[in-house]
Amino acid sequence: MTRNKDYPLYELEEYESLSQMVCEKARTCPDKIAFQFMRGKNIQSITYRKYLEDIVVTGKYLSKRYDRQTHIGILGENSYQWLVVFMAAVMSGNVAVPLDKELDAAGIQDLLTRSDSEICVYSDSYSDIARELAGNSPVEFLSMNVLTQTLNVRDVDFKILDEWRTFSKKDIAAIFYTSGTSGKSKGVMLSQENIIEDINSGCKNFCLDGNTLVVLPFHHAFGLLTAVFASFNFEHTIFINSSLKNVNRDMLIGKPKMIMMVPLFVETFHKTIWRTAKTQGKERKLRFGMTLSGALLHLGIDIRKYLFRSILEGFGGELKYIVCGGAALQKKYIREFRSFGIEILNAYGITECSPGVTLSRNHYHKDNRVGPVIKGCEVRIKADTDNSRCGEIQVRGKNVMLGYYRDEQATKAAFDDGWFKTGDLGYIDKDGFLSVAGRIKNLIILSNGENVSPEELENLLLDHELVKEVLVYAENEAITAEIFPNSEAGFEDLQKQLQDIVDVCNRKLPAYKRIQRLKIRQTEFPKTTTQKIKR
């Protein structure tokens with residue numbers, strides 16, 4: 001196939017609901033391995049048929065004890081049992097409420113209260129929080145172990161599926177809480193129709209032809225709906241990573257062809273590669289290999305799998321794609337990983353859109369764009385002035401949420417004549433690729449009327465190795481860059497080196513965008529549970 005040129009969309013069977021997809025996979029490929037995970041030192045394998053059986057048994061358990069549309073909180077690390085509980089809640093006509101496992105007991109109780117959850121299903125790892133809350137909460141706490149014990153039933157009666165099929169795909173199926181980098185998180189209501197429309201459309205842009213490893217947390221829409229269920233649609237094995245400390249081990253066992261990640265993972269892997277090269281005294285050899293590889297690729301010769309065998313084997317030996325979303329990723333990482341033989345494909349989404357809006361294609365992508373808009377999803381750019389190509393990214397389509405739970409005011413404010421207002425700034429180029437410039441609420445508005453996107457300046461600074469973290473903001477009308485350096489050098493040396501970096505960046509900018517003040521931090525910036533810096 002010709003590389004990096006537009007080509008027809010991939011064709012897969014389309015489904016009307018998430019439930020239908022799960023049921024159809026159990027019928028058409030019952031014995032294929034859907035999930036794998038480690039239990040102790042042993043690999044556990046679950047077929048597509050077995051997954052549906054476990055959902056039915058667990059769903060029956062819930063149906064007998066609770067009324068339909070009961071809100072069920074799910075608290076736990078990534079696990080197969082978590083996925084069973086989620087789909088059992090959704091398919092049995094109840095509402096799944098994935099809970100942020102990084103929150104403390106007070107934070108968990110807040111989400112349970114605001115979501116009107118009547119039950120909280122928790123894993124062993126969170127039994128201490130369950131015990132702490134159970135005594136003073138109207139919520140019933142149910143151990144995931146209780147449900148797991150029901151999975152040993154041998155003869156599964158599927159008749160209840162007929163009843164479940166009568167439930168409307170347009171009803172609320174799940175409430176996902178946004179991370180809330182500034183302000184309180186909101187409960188995003190998604191229906192089965194919202195979710196499956198995004199999966200149907202996203203799978204037309206990107207085709208997965210091998211196994212995948214899931215490392216992103218299930219309580220986020222990207223980690224669950226895209227990384228798990230969109231991958232599920234391709235009928236390959238999904239290896240579940242339950243703990244980040246075991247990522248390297250699980251990559252070697254799962255041998256993924258693709259992994260979905262946020263930039264933090266990519267940056268961490270990048271540092272590990274170069275740290276290993278430095279420790280082994282192979283930095284110069286690695287740089288030469290990258291230069292040679294790039295030159296040969298221009299001639300149509302690809303020897304990357306031989307030149308960088310040791311790097312690729314660290315990812316399991318089969319990794320070809322990293323789909324990256326959740327935040328901006330700098331181009332240097334994309335280019336370096338490409339030189340190793342791993343293509344990083346940018347994507348853009350937001351929880352309110354189930355979550356995908358754009359997705360770079362296997363053989364059609366741009367390093368400084370987040371991909372073309374997925375089919376069935378419309379995007380418009382609402383600019384303040386007629387002559388500006390950059391404006392708010394607004395989305396319309398069946399993948400857009402039902403609204404925010406018990407927050408009519410916020411729901412109304414989130415739409416403009418039927419278009420969901422993402423709050424992100426961007427533009428669409430002549431080829432239909434979306435570029436994201438930053439958040440509207442982060443804009444620096446100067447007294448002369450000029451608007452400055454802090455993310456644009458932050459990305460320029462982050463291109464330099466010495467800059468580990470940075471926030472740009474206005475302080476007394478002066479554009480200020482606050483930097484946490486990637487060095488333990490003395491203050492005076494750091495001050496000079498960082499100022500040199502700021503000066504280099506300023507030379508690329510018009511006068512009104514230039515950074516006027518530099519601050520150096522001694523500690524990392526406070527972050528959300530998704531590792532985004534709190535502004």
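Residues numbered from 1 in each chain as written. Predicted model: local features only at pLDDT ≥ 70, side-chain atom pairs only at ≥ 80, totals over all residues. Heavy atoms only, no water.

S.K.: I'd like a description of the sheet that holds strand β25 (residues 517–520), backed by residues and values.
M.R.: Whether parallel or antiparallel, the strands of a sheet pair through hydrogen bonds between backbone atoms. Read across the open sheet, the 3 strands follow the order β23-β24-β25; overall the sheet is mixed. Either end of the sheet is taken by a strand with one partner, and the two such strands are β23 (467–475) and β25. With direction set aside, neighbouring strand axes in the sheet form an average angle of 25°. As paired elements, β23 and strand β24 (residues 478–485) share 8 bridges and run antiparallel to each other. Looking across to β24, one finds that Glu-469 is bridged to Phe-484. Lying over the sheet, helix α17 (residues 454–462) contacts β23 and β24, oriented at roughly 150° with respect to β23. The strands that helix α18 (residues 491–506) touches are β23, β24 and β25; relative to β25, the one it contacts most, it runs at about 140°. (Pairing = 2+ DSSP bridges. Helix = DSSP H or I, 4+ residues; strand = E, 2+ residues; numbered from the N terminus. Axes fitted to C-alpha atoms, helices over the stretch in contact; angles between N-to-C directions. Contact = heavy atoms within 4.5 Å.)

S.K.: Now, about the nonpolar core: what can you tell me, with residues and values included?
M.R.: Core analysis: the largest hydrophobic core is formed by 123 residues, its most contacted members being Phe-35, Tyr-51, Phe-86, Leu-224, Phe-229 and Phe-337. By residue number, the principal contributor to this core is helix α3 (residues 80–91), which donates 11 residues. Discounting chain neighbours no more than four positions away, the residues touching Tyr-51 are Val-22, Phe-35, Ile-46, Tyr-80, Leu-83, Val-84, Met-87, Phe-229 and Phe-232. If you look at the next biggest cluster of nonpolar residues, it comprises 23 residues, including Leu-460, Leu-466, Val-502 and Leu-509. (Core = buried A, V, L, I, M, F, W, Y, C linked by side-chain atoms within 4.5 Å. Buried < 20%, exposed > 50% of the residue type's maximum accessible area, 1.4 Å probe, protein only.)

S.K.: Explain the pairing of strand β3 (residues 71–75) to me, using residue names and the numbers behind them.
M.R.: The buried fraction of β3 amounts to 5 of the 5 residues, a majority that puts the element mostly inside the structure. Taking every second residue as pointing to the same face, both faces of β3 are buried, with His-71, Gly-73 and Leu-75 on one and Ile-72 and Ile-74 on the other. The sheet contact formed by β3 and strand β4 (residues 95–98) spans 4 bridges and is parallel. Following the sheet pairing, Ile-72 is matched in β4 by Ala-96. Between β3 and its parallel partner β4, the chain crosses via α3, and the hand of that crossover is right-handed. (Right-handed = clockwise from strand over helix to strand, strands pointing away.)

S.K.: How would you explain the sheet that holds strand β1 (residues 33–39) if you had to name every residue and give the values?
M.R.: If you trace the 8 strands from one edge of the open sheet to the other, you get β2-β1-β10-β9-β11-β12-β13-β14, paired in mixed fashion. Here the strands that pair on one side only, and so sit at the sheet edges, are β2 (42–47) and β14 (356–359). Taken pair by pair, the neighbouring strands of this sheet meet at an average axis angle of 25°, ignoring direction. As defined by bridge partners, strand β9 (residues 212–214) adjoins strand β10 (residues 238–240) across 3 bridges and the pair is classed as parallel. Within β10, the residue paired with Leu-213 across the bridge is Phe-239. The strands touched by helix α10 (residues 247–254) are β1, β2, β9, β10 and β11 (258–261); relative to β10, the strand with the most contacts, the crossing angle is about 155°. Its contacts with the sheet place helix α11 (residues 263–279) against β11, β12 (321–324) and β13 (343–349), and it is angled at close to 115° to β11.

S.K.: Could you give me a rundown of the pairing of β14, with the residues and numbers involved?
M.R.: Examined bridge by bridge, β13 and β14 share 3 bridges and lie antiparallel to one another. Its bridge partner being in β14, Tyr-348 is matched across the sheet by Thr-358. Here β13 hands over to β14 after 6 residues, with Ser-354 in that stretch at a positive phi of 70°.

S.K.: Explain the packing of aromatic side chains residue by residue, including any values.
M.R.: Following the criterion strictly, the structure yields 20 aromatic pairs and no others. Judged by centre distance (5.4 Å) and plane angle (65°), the ring pair of Phe-308 and Phe-340 falls under edge-to-face. You can see Phe-308 sitting in the loop between α13 (304–307) and α14 (309–314) and its partner Phe-340 sitting in helix α15 (residues 331–340), a full 32 residues away along the chain. Overall, Phe-340 belongs to the buried group, its relative accessible area being 0%. Across the ring face of Tyr-7, the terminal group of Arg-361 is positioned such that the distance to the ring centre comes to 4.0 Å. We note Arg-389 situated over the ring of Tyr-427; from NZ or CZ to the ring centre the distance is 3.7 Å. (Phe/Tyr/Trp six-rings, centres within 6.5 Å; stacked < 30°, edge-to-face > 60°. Lys NZ or Arg CZ within 6 Å of the ring centre and 35° of its normal.)

S.K.: Tell me about the environment of Met-290, residues and numbers included.
M.R.: The topology assignment puts Met-290 in helix α12 (residues 283–298). The buried category is assigned to Met-290, whose relative accessible area is 16%. Spatially, the C-alpha atoms of Met-290 and Arg-338 are 9.4 Å apart, while their sequence positions differ by 48 residues. If near-sequence neighbours (up to four positions away) are discounted, Met-290 is found in contact with Trp-274, Phe-308, Glu-336, Ser-339 and Phe-340.

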